[in-house]
Amino acid sequence: MIFQKKFQLSSCFLTAAGLFSAGTLVYYLIQSNHDACFQVSILVLLAVGMVGEIASLFVKVDFIPMLASSCIGVALGLMVYYALPTLSDLWNNVNFIGGNAFAYFMYLGLLLLSFVLSVIPCFLSEKEEK
Amino acid sequence: MKKNRWRGLFPISTALLATALGCTSLLWQWSGLVDEVLGIKKQPTASGGTTVYASSYGDLTEENRAKMLADLKQHIIKEEEEGAVLLKNDGVLPLQSVKKVTLLGRATVDPVYRYTSGGPSWTGTSLRQALEDAGLEINGIVFSAYEASTCKRDKATGDIGEVGEDFYTQNIVDSFRNYADAAIVMISRYGGEGTDLLRKDKDGVSQLSLHESEKATLRMARANFKKVILLVNSGNPVELGWMDSEEYGVDACLWIGTPGNYGFTGVVNLLMGTANPSGGLIDTYATNSLSAAATQNFGDYTYANADEYGLTSKGIHDVTNKYLVEAEGIYVGYRYYETRYEDCILNQGNASSSAGVFASRNGSWNYADEVIFPFGYGLSYTEFERKITACKTDGEEDAEFTLSVNVTNTGSVAGKTPVQIYVQTPYTAYDRDNLVEKSAIQLVGFGKTGVLQPGESEQVEVTVDRYLLASYDSTACGGKGGYILDEGTYYFAVGNGAHEALNNVLAAKGATGMYDEEGNPVEGDVEAVASWELAAFDESSYHERNGVAVENKLQDADINFWIPNAVTYLTRQNWDTFPKETTVLNATKEMADSLNADNLGDKSFESYQKPSSAPSKNSFKQGQEVTLKLADLKGVPYDDARWDTFLNQLTIAQLATMTSDMSGIKAIKDVGFPGISQNDGPDGAGGVQYVGQSVAAATFSPEILAERGFFFAEEALFNGKNAVWSPGADIHRTPFGGRNFEYYSEDSYMSYLCAAIQCREMQNKGLSSSIKHFCGNDQETNRYGLCTFTTEQAWRQGPLRGFEGAFTEGGATSTMTSYSRYGLTLTCESNTVNNEILRGEWGFVGFTITDAGSGSPIDSIIGGTDVFCLNDNAKTLNSWITKQDDGNLLAALRKANKNIFYTFVNGNLGNVLSSDLVISSSLSWWQVAVIALDCILGLAVVGCGVLYVLKGYVLSRKEEK
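J.: Describe a negative patch on the surface, listing the residues and the values that go with them.
T.: All names here are of chain B. Together, D394, D398, E400 and E809 line one region of the surface with negative charge. Locating D394 in the fold gives a position in strand 12 (residues 384-394). Given a relative accessible area of 39%, D394 falls into the partly exposed group.

Here it is as structure tokens:
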């Protein structure tokens, strides 16, 4: 099926979102334990989102991409929550909270990209594309 | 709108809602700080209470606040006038017949008012403004050119931010002619929280040395002006051995430290002669700052086998792979330079060897080559003569000495001067046999004269606690350890700094061959010395304090405890033991296990295990009916049973919440606790930036230090602050410490004396002085979790001594612990120091607070911590006690609460506590706005979801039908 519709824009984005989320997940899993940024909630949300993106390539249930994207969106919101105290040190030019600001920037960037890639296919309709 | 739009908008609104809720949670945690930033005050209202701590300005009205702030401004100016140190004056100061001046050095347009650290921002008087206020005209061409320069300081690289030689265009040089009365050159150094100064900066030289760019500016000044005055704007001792250079030397030099809001007015008063310098250096100024014994081990050191044992460096909680060996032992700052000097003069201990030579010209260590300005040194526009006229013992068992010092102004203008009392204690065969180290000279007290007219004399009396003459001996009392007083002659001496005082002692001992810091022969003045004889060795006087044995407790904070003979500590028995850099250190398995138990593993960061003997949590009755309000506990003794009744009224959750400080502790209405507010830091905690604390110390004025404490407390009353994280009492262990500016001195005894005075005054007005960072935070590099090792004598007479006076003499009721470790134990988790030494030996009654974010919740509470700064561990504590049924931890949590409540009910919070106290629980306007925003986003999520379902499933099916 996927090969038949390989030129459909939504499938392309779903594939990109799924792969990017998978990459982000693996990177987060490996890296975050080294910089004390690991949160199991973020990992679970990202994993569910990734599975949803990939599953929707095979199972055509209309709301799955929406829920998958929402999971990644919540993961992004959680990352903002965990990152802000550390990033506030940069803003204030002090070192009160500590933590790895660079790592947080990386994770925020990756999650934002994952989210953007996942939300685009939600706006696209396979019917409309045809 | 089509269904796909709603399908796309749903995750977007969900992501926004999640982010908003996260931010809301953070804002709620920090609500006290947000309120403060927005100027929202939530003062509880009460009537019928009694004001326990009243402002000296009367009611807390805006009018009286203005009066207080006006006086505070004058205080800050006076601090700078009396704390700035005149280091050189070839007759050009005070400035006379000077109208038009040129400011040189980019620092003149961008001074370092203070380094980066917690505290208020600068909102005061610039150097230019202060000079213009004094009627001087400033060369605007060069000033504007500096302002337009793109040069900037950079703490990370050590860039001093000065312009190079090519900056000085012909146009700029031509402008000098019209402003040639004098050149005022300023050099600045900059560090701060988390950032030490560099032993090798981006220019490849010590950050404290004179840089090529500064030489260019000084050459420019020397070539174009007859009078060149140097201002040293630095909290760290800059190397100044070049000041007599013909090429770029200066005619006068004034160390001004970090001037804060109004210090530059004081600086200009000194330049113009409306004030006369009277400060003394609080650090030794070496020819080469790398020459200090302590500097040999300073910076970044990682256990060589860290990876093998899984020692890591992550976040704040779990840094386990960094260490620092303070191999200098007690010989920090002048204790090293002056002790080695005496041993050179007395030809003992191989003091003249080549070990530790950095500036000595013939390869043999020589004081005059190594040191530029001694500790305590400072010039004036006049001169003084100091004689000790009497030395009386006083108090129970001669616990105090009173030194009478006659000071005469022998110069031609009025002025005042510090009276620094130093002591030399006997260095005996016993000390050598038992590795007890003795500094050849030690500051033990100070006072200051009033303004003396030419020819006028004043008798200044300074009290010295005999305890400060004792040395810690790990072998005393049959090997248990304790403080000892050796039999023999004790010499008290005065002088213009430690070196002159030591020369006076040497003269009294009949020594010859002494010389001053410039290498000029001196004879010393025996009239500036008094002696006291102790007939017999004494190891009992200080063996017990507050009912607690003072004995070895920090043996495991010495690396040789874990790895025998790993390090040779510096001993004056042989100066060839001058410290070597400990660059390779392998942690033993035992050390690694200890560190790892406090880290990683189960990711809980806790090494605490519930003891088998721990009672059930139900052995305490929490959440009982409220019969006692906090107001009822005003003045109730710490050991009174009513405290237990009060604590019984709180739930475990409430007890746990009290440990969380997010710029304040939240109210508990049930028991009449209105919440408290805290603030940071040593150079101001209420909106006004004081001069740097090291400048305040350099005044050597008990009056000014007390006044500083007074204004901290007054500001707190007007601003509703109950505790401030001030003063700072870590030591300037090396010249490179990034926060030296907000600590008193290189000398822990100086810190002891200063902190006692300042804290006493803060406490007298009900402000809890949370002196920080207790203790050993003597470098910023790797401060999180740094394993710090030295001998017990060095711990007790060094880092710990710096704080001790605040508690035992100043009555400080709180302290902020440091991020670092005593050996392997985090300071906030150290039962040994927090409970056995601080609360035991020193009798401290009050609360301890971690540095921001530090410490494992449970280990810290068990280890004597009471409050977590900027960290909310309530859930963890509550959960552990409840799930583990741990009455042991609950008992510790109750103790922490008692410490907190006891401190605040007896502080200025008592002013608002009364039986009819009404505690506001209304939300601030911003909280209402945030909730509204969350609701809107929540509705958006629901709306998008509903519309998606309607469009996608309900309506589409209808259309299909």
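J.: Lay out the sheet that holds strand 12 of chain B in plain terms, naming residues and giving numbers.
T.: Note: strands within a sheet are paired through backbone hydrogen bonds, in either parallel or antiparallel orientation. All names here are of chain B. If you trace the three strands from one edge of the open sheet to the other, you get 12-13-16, paired in antiparallel fashion. Every other strand in the sheet has two partners, leaving strand 12 and strand 16 (457-465) as the edge strands with one partner each. Across the sheet, the axes of successive neighbouring strands diverge by a mean angle of 20 degrees, strand direction being ignored. Sheet topology note: the strand 12/strand 13 (residues 400-409) ladder contains ten bridges and is antiparallel. By the bridge assignment for strand 13, E385 is matched with T408.

J.: Provide a residue-level description of the environment of N740(B), including the pertinent values.
T.: Residues and elements named next belong to chain B. Note on placement: N740 falls in the loop between strand 25 (723-725) and helix 20 (748-764). Measuring from C-alpha to C-alpha, the distance between N740 and G235 comes to 6.1 Å, with 505 residues separating the pair along the chain. Ignoring sequence-local partners within four residues, the contact set of N740 consists of G235, N236, S694, I731, H732, T734 and P735.

J.: Any chance you could break down a nonpolar patch on the surface for me, citing the residues and the numbers?
T.: Residue and element names in this part refer to chain A. Residues V26, L29, I30, F38, V40, V44 and V48 make up a contiguous nonpolar surface patch of about 600 Å² in total accessible area. Residue position: V26 is located in helix 1 (residues 9-31). Given a relative accessible area of 44%, V26 falls into the partly exposed group.

J.: A description of unusual backbone geometry should follow, citing residues and the corresponding values.
T.: Residues and elements named next belong to chain B. In this structure, the amide linkage connecting L93 to the following residue, P94, adopts the cis form with an omega of -5 degrees. Phi angles above zero are rare outside glycine, and C477 is one such case at about 50 degrees. As for its position among the elements, C477 is in helix 12 (residues 476-479). The phi dihedral of L870 is positive, around 50 degrees, even though this residue is not glycine. Examined against the element boundaries, L870 turns out to sit in the loop between strand 32 (868-869) and helix 25 (874-884).

J.: So, the pattern of salt bridges: which residues are in play, and what are the values?
T.: Residues and elements named next belong to chain B. Inspection of every chain in the model, using the stated rule, returns 53 salt bridges over all chains. When the shortest N-O distance is used, the salt bridge between E804 and R545 registers 2.8 Å. Highlighted residues: E804 in helix 22 (residues 799-808) and R545 in strand 21 (residues 544-545), separated in sequence by 259 residues. Under the relative-accessibility criterion, E804 is labelled buried at 1%. With a relative accessible area of 18%, R545 lands in the buried category. Here R739 and E742 are joined by a salt bridge, their closest N and O atoms 2.7 Å apart. An identical accessibility class is assigned to R739 and E742; each is buried.

J.: Got a sec to walk through the domain arrangement of chain B? Specific residues and values, please.
T.: All names here are of chain B. Here chain B is partitioned into domain 1 (3-40 + 924-960), domain 2 (82-281), domain 3 (329-343 + 373-555) and domain 4 (621-685 + 721-911). Of note, the centres of domain 3 and domain 4, computed from C-alpha atoms alone, are 33 Å apart. Residue-level contacts link 33 residues of domain 3 with 33 residues of domain 4. Of all residues in domain 3, the largest losses of buried area upon contact with domain 4 belong to L468, K553 and L554, amounting jointly to 25% of the total for that side. Scanning the region where domain 3 abuts domain 4 turns up three salt bridges. Put simply, D747 and R335 hold a salt bridge, and the shortest N to O gap is 3.2 Å. Taken together, the connections running from domain 3 to domain 4 amount to 18 residue pairs in polar contact (both at pLDDT 80 or more). Counting only elements with at least two residues in the side of domain 3 that touches domain 4, the list comes to helix 9 (334-345), strand 15 (442-448), strand 17 (471-473) and strand 22 (548-549). The dominant element in the side of domain 3 that touches domain 4, judged by the number of residues it contributes, is strand 15, at five residues. Looking at side-chain class alone, the side of domain 3 that touches domain 4 contains 18 nonpolar, nine polar and six charged residues.

J.: Any details on the packing of aromatic side chains? Residues and values, ideally.
T.: All names here are of chain B. With the rule as written, the count across this model stands at 56 aromatic pairs over all chains. Judged by centre distance (4.0 Å) and plane angle (15 degrees), the ring pair of Y113 and W122 falls under stacked. On the numbers, 5.5 Å between centres and 50 degrees between planes, the contact of Y336 with F578 is tilted. With Y336 in helix 9 and F578 in the loop between helix 14 (559-562) and helix 15 (589-597), the pair connects residues that are 242 residues apart, well separated along the chain. Each member of the pair, Y336 as well as F578, is classed as buried. Aromatic rings pair up to connect Y331, Y336, Y337, F358, W365, W575 and F578 into one cluster. Here the guanidinium or amino end of K155 rests over the ring plane of Y190, the centre of that ring lying 5.9 Å away. When the ring centre of Y638 is taken as origin, the NZ or CZ atom of K898, which lies over that ring, is 4.3 Å away.

The rules we used
- Sequence order as written defines residue numbering, which begins from 1 separately in each chain.
- Throughout, the order in which chains and ligands are written sets their labels, letters from A for the former and numbers from 1 for the latter.
- With the structure being a predicted model, the display of local features is reserved for residues of pLDDT at least 70 and the display and counting of side-chain atom pairs for 80 or more, all residues being used for whole-chain, interface and lining totals.
- Think of the side-chain values as coming from all heavy atoms in the structure, minus any hydrogens and water.
- What makes a patch is a set of residues exposed beyond 30% relative accessible area and free of salt bridges, joined within 9 Å when like-charged and within 5 Å when nonpolar (Val, Leu, Ile, Met, Phe, Trp, Tyr).
- Under the convention used here, a 1.4 Å probe and the Shrake-Rupley method define accessible areas, while residue burial counts only the protein chains that appear.
- The working definition used for a salt bridge is a side-chain nitrogen of Lys or Arg within 4 Å of a carboxyl oxygen of Asp or Glu.
- Residues scored as charged are limited to Lys and Arg (positive) and Asp and Glu (negative), so that His and the chain ends carry no count.
- Charge positions come from single atoms, namely NZ of Lys, CZ of Arg, CG of Asp or CD of Glu.
- The helix count covers DSSP runs of H or I at least four residues long, the strand count covers runs of E at least two residues long, and both are numbered beginning at the N terminus.
- Categorising residues by exposure relies on relative accessible area from a 1.4 Å probe, with only protein chains included: less than 20% of the type maximum marks a residue as buried, more than 50% marks it as exposed, and the intermediate range marks it as partly exposed.
- Two strands make a pair as long as DSSP finds a minimum of two bridges between them.
- Here an angle of 0 to 180 degrees is reported between the N-to-C directions of two axes, which are lines fitted to C-alpha atoms, with helices fitted over the stretch in contact.
- A contact between two residues is defined here by any heavy atoms of the two lying within 4.5 Å.
- Note that domain bounds follow an automatic or database assignment of domains.
- Buried area is understood as the total, over both parts, of accessible area removed when two parts are fitted together, assessed with a 1.4 Å probe.
- For this analysis, a polar contact is any N or O atom pair within 3.5 Å, provided that within protein one partner can donate a hydrogen and the other can accept it, and provided that sequence-adjacent residues contribute only side-chain to side-chain pairs.
- In this count, Pro and Cys sit with the nonpolar residues alongside Ala, Val, Leu, Ile, Met, Phe, Trp and Tyr, while Asp, Glu, Lys and Arg are called charged and the others, Gly among them, polar.
- Planes of paired rings set the category: under 30 degrees apart is stacked, over 60 is edge-to-face and the rest tilted, where pairs are Phe, Tyr or Trp rings (Trp by its six-membered ring) whose centres lie within 6.5 Å.
- Any Lys NZ or Arg CZ found within 6 Å of a ring centre and within 35 degrees of that ring's normal is scored as a charge over the ring.

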